[in-house]
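Below, each chain spelled out in residue letters.
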Amino acid sequence: MFYAIDHLEDALETKPDKDFVAIIPAREANNYDIINYYVPKIPMLFTDFHFSKIESFQDFLYGFINIPEILVSERSIISFILTKNYIVFIDRDNFIEYHFEKMLESNTGSITSGSTALFYLLDYIMSKDLEKINSLQHNLVELELNVLNEKKLDQIREITGYRSRTLKLHHYYTQIEGICCDLVDDTQNILDEEAKKLFQILIRKITLFGHESEQIWEYTSQIRDIYQQQLDVHQNIIMKFLTIVTTLFMPLTLIAGWYGMNFEYMPELHWKYGYPLIFILSCLLVIIMCIVFKKKKWW
């Protein structure tokens, strides 16, 4: 699918003669000459990396952007080849086609080159990132409250999952910021001045997102520490309870051991009221110790 820069309203099946935007499905890429031209120059063209990067060649730029699942329903990839006259997107699962058409609904008249088309596509994809970051912060606040209120003490997997995803999010923004900086520097003079100014604006926005994602990742560390503290408190309460129970029954254990000895002359063993006396004595000891523990606030 092709879009002529001077007439973006209609998609074309064939490549225009002048400046254009091409969106090539990855599964059909080998059928396009414009892709086959770059395959020998970019051996890793169809490789799915788990990071984002940009590489500079003699007369074009190759970029690969890996969007983490925390921002989209599933991991999505944007790979592109940018020259002075056009930009080619290699589309996986129609992700680029869908967002490009949505972006065109409000930015058709603003796109003047392939590099500005890249800016407006990235800007549109990131337009809801702050909302998703705020939603993530809200979920973490609820998670922290649950940990503090001891509603759940088995949330370590959930906390670890958040830490992993937020770290990926922070790395994503750091890498995207680096890509935009490289586009602004543009040692090959592929981007026009308008596009460079637009990417400088995008850098400021991405920097903000990067700071927010870093704070969220640090917040997950705090929640993990709180969880560990609550877990320690819970374990201490259990150990305290077991210690009290053991202490309460320790005198009874002593009595049982004392009268379990095999001595012949133990008058209480043959006394009529020996058993009731030991029973009453044991109960009194437990009651007295409970009163003492209560006064000393040991439970």
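Our structure's up above, just so we're on the same page.
On a predicted model such as this, the values are computed, not experimentally measured, just so you know.

Caption draft 1: Summary view of the sheet that holds strand S1 (residues 2-4). Read from one edge of the open sheet, seven strands run S2-S1-S3-S7-S6-S5-S4, paired in mixed fashion. Each edge of the sheet is formed by a strand with only one pairing partner; in this case those strands are strand S2 (7-12) and strand S4 (53-56). Neighbour to neighbour, the strand axes of the sheet diverge by 15° on average, direction disregarded. As defined by bridge partners, strand S5 (residues 61-67) adjoins strand S6 (residues 76-82) across seven bridges and the pair is classed as antiparallel.

Caption draft 2: Structural view of the pattern of salt bridges. Under the definition given, this model contains five salt bridges. As a salt-bridge pair, Glu193 and Lys196 come within 3.8 Å of each other at their nearest N and O atoms. In this pair, Glu193 and Lys196 both sit in helix H6 (residues 193-258), three residues apart, roughly one turn of the helix. Taken together, the shared-partner salt bridges connect Asp186, Glu193 and Lys196 into one network.

Caption draft 3: Local environment of the pairing of strand S3 (residues 20-25). Along S3, six of the six residues are buried, which leaves the element largely enclosed by surrounding structure. The alternating pattern of S3 places Phe20, Ala22 and Ile24 and Val21, Ile23 and Pro25 on opposite faces, both of which are buried. Of the pairings in the sheet, the one linking S1 to S3 comprises three bridges and is antiparallel in character. What sits directly across from Tyr3, in S3, is Val21.

Caption draft 4: Here's a closer look at the packing of aromatic side chains. What the rule picks out here adds up to twelve aromatic pairs. Their ring planes at 85° and their centres at 4.9 Å tell us that Tyr37 and Tyr38 sit as a pair that is edge-to-face. Relative to Phe199, the ring of Phe119 lies with its centre 5.8 Å away and its plane at 80°, an arrangement referred to as edge-to-face. With a gap of 80 residues between them, Phe119 in helix H3 (residues 114-125) and Phe199 in helix H6 connect regions that are remote in the sequence.

Caption draft 5: Region of the structure containing the side chain of Asp186. Position of Asp186 among the secondary structure elements: in the loop between helix H5 (156-185) and H6. Residue classification places Asp186 among the buried residues on the basis of a relative accessible area of 4%. At a separation of 2.8 Å, a polar atom in the side chain of Asp186 contacts the main-chain amide nitrogen of Ile190. Leaving out residues up to four positions away in the same chain, Asp186 has contacts with Leu191 and Lys196.

Caption draft 6: Main features of the environment of Met266. In this fold, Met266 is placed in the loop between H6 and helix H7 (267-270). In this structure Met266 touches Trp258, Tyr259 and Met261, once residues within four positions along its chain are discounted.

Caption draft 7: The arrangement of the packing of helix H4 (residues 129-148) against H5 in detail. Interhelical geometry of H4 versus H5 gives an angle of 155° and a closest axis separation of 12 Å. It follows that H4 is roughly antiparallel to H5 by the angle criterion. Between H4 and H5 lies a crossing whose hand is left-handed. Facing H4, whose interface residues are Asp129, Ile133, Leu136, Asn139, Leu140, Leu143 and Val147, H5 presents Glu158, Ile159, Tyr162, Thr166, Leu169 and Tyr173. Taken together, the residues of the contact of H4 with H5 sort by class into nine nonpolar, two polar and two charged.

Caption draft 8: Inspection of a nonpolar patch on the surface at higher detail. A contiguous nonpolar surface patch, about 560 Å² in accessible area, is contributed by Ile238, Met239, Phe241, Leu242, Val245 and Phe249. With respect to the secondary-structure elements, Val245 resides in helix H6. A relative accessible area of 31% means that Val245 is categorised as partly exposed.

Caption draft 9: Inspection of H5 at higher detail. Helix length check: H5, at 30 residues, gives a terminal C-alpha distance of 44 Å against a target of 44 Å (1.5 Å per residue), a fit within 8%. In the segment just after H5, Asp186 is the residue with positive phi, at about 45°.

Caption draft 10: Inspection of unusual backbone geometry at higher detail. A positive phi angle, near 60°, is found at Asp93, a position not held by glycine. Secondary-structure assignment places Asp93 in the loop between strand S7 (86-91) and helix H2 (95-107). What makes Asp93 exposed here is its relative accessible area of 65%.

Caption draft 11: Inspection of H6 at higher detail. Helix length check: H6, at 66 residues, gives a terminal C-alpha distance of 96 Å against a target of 98 Å (1.5 Å per residue), a fit within 8%. With a side-chain oxygen lying 3.2 Å from the backbone nitrogen of Glu194, the N-terminal cap of H6 falls on Asp192.

Caption draft 12: Here's a closer look at the nonpolar core. Membership of the largest hydrophobic core comes to 60 residues, with the highest contact counts inside it found for Ile78, Phe89 and Phe199. The biggest single contributor to this core is H6, with 13 residues. What Phe199 contacts, discounting residues up to four positions off in sequence, is Ser115, Leu118, Phe119, Leu122, Cys180, Leu183, Val184 and Leu191. Core analysis: the next-biggest nonpolar cluster, separate from the first, contains 20 residues, Ala22, Ile34, Ile77 and Ile81 among them.

Cut-offs applied
Residues numbered from 1 in each chain as written. Predicted model: local features only at pLDDT ≥ 70, side-chain atom pairs only at ≥ 80, totals over all residues. Heavy atoms only, no water. Pairing = 2+ DSSP bridges. Helix = DSSP H or I, 4+ residues; strand = E, 2+ residues; numbered from the N terminus. Axes fitted to C-alpha atoms, helices over the stretch in contact; angles between N-to-C directions. Salt bridge = Lys/Arg side-chain N within 4 Å of Asp/Glu carboxyl O. Buried < 20%, exposed > 50% of the residue type's maximum accessible area, 1.4 Å probe, protein only. Phe/Tyr/Trp six-rings, centres within 6.5 Å; stacked < 30°, edge-to-face > 60°. Polar contact = N/O pair within 3.5 Å; in protein donor to acceptor, adjacent residues only side chain to side chain. Contact = heavy atoms within 4.5 Å. Parallel < 35°, antiparallel > 145°, perpendicular 65-115°, else oblique. Left-handed = near helix turned anticlockwise from the far one by under 90°. Nonpolar A, V, L, I, M, F, W, Y, C, P; charged D, E, K, R; others polar. Patch = residues over 30% accessible without salt bridge, like charges linked within 9 Å, V, L, I, M, F, W, Y side chains within 5 Å. Areas by Shrake-Rupley, 256 points an atom, 1.4 Å probe, with all protein chains shown as cover. Expected span 1.5 Å × (residues − 1). Core = buried A, V, L, I, M, F, W, Y, C linked by side-chain atoms within 4.5 Å.

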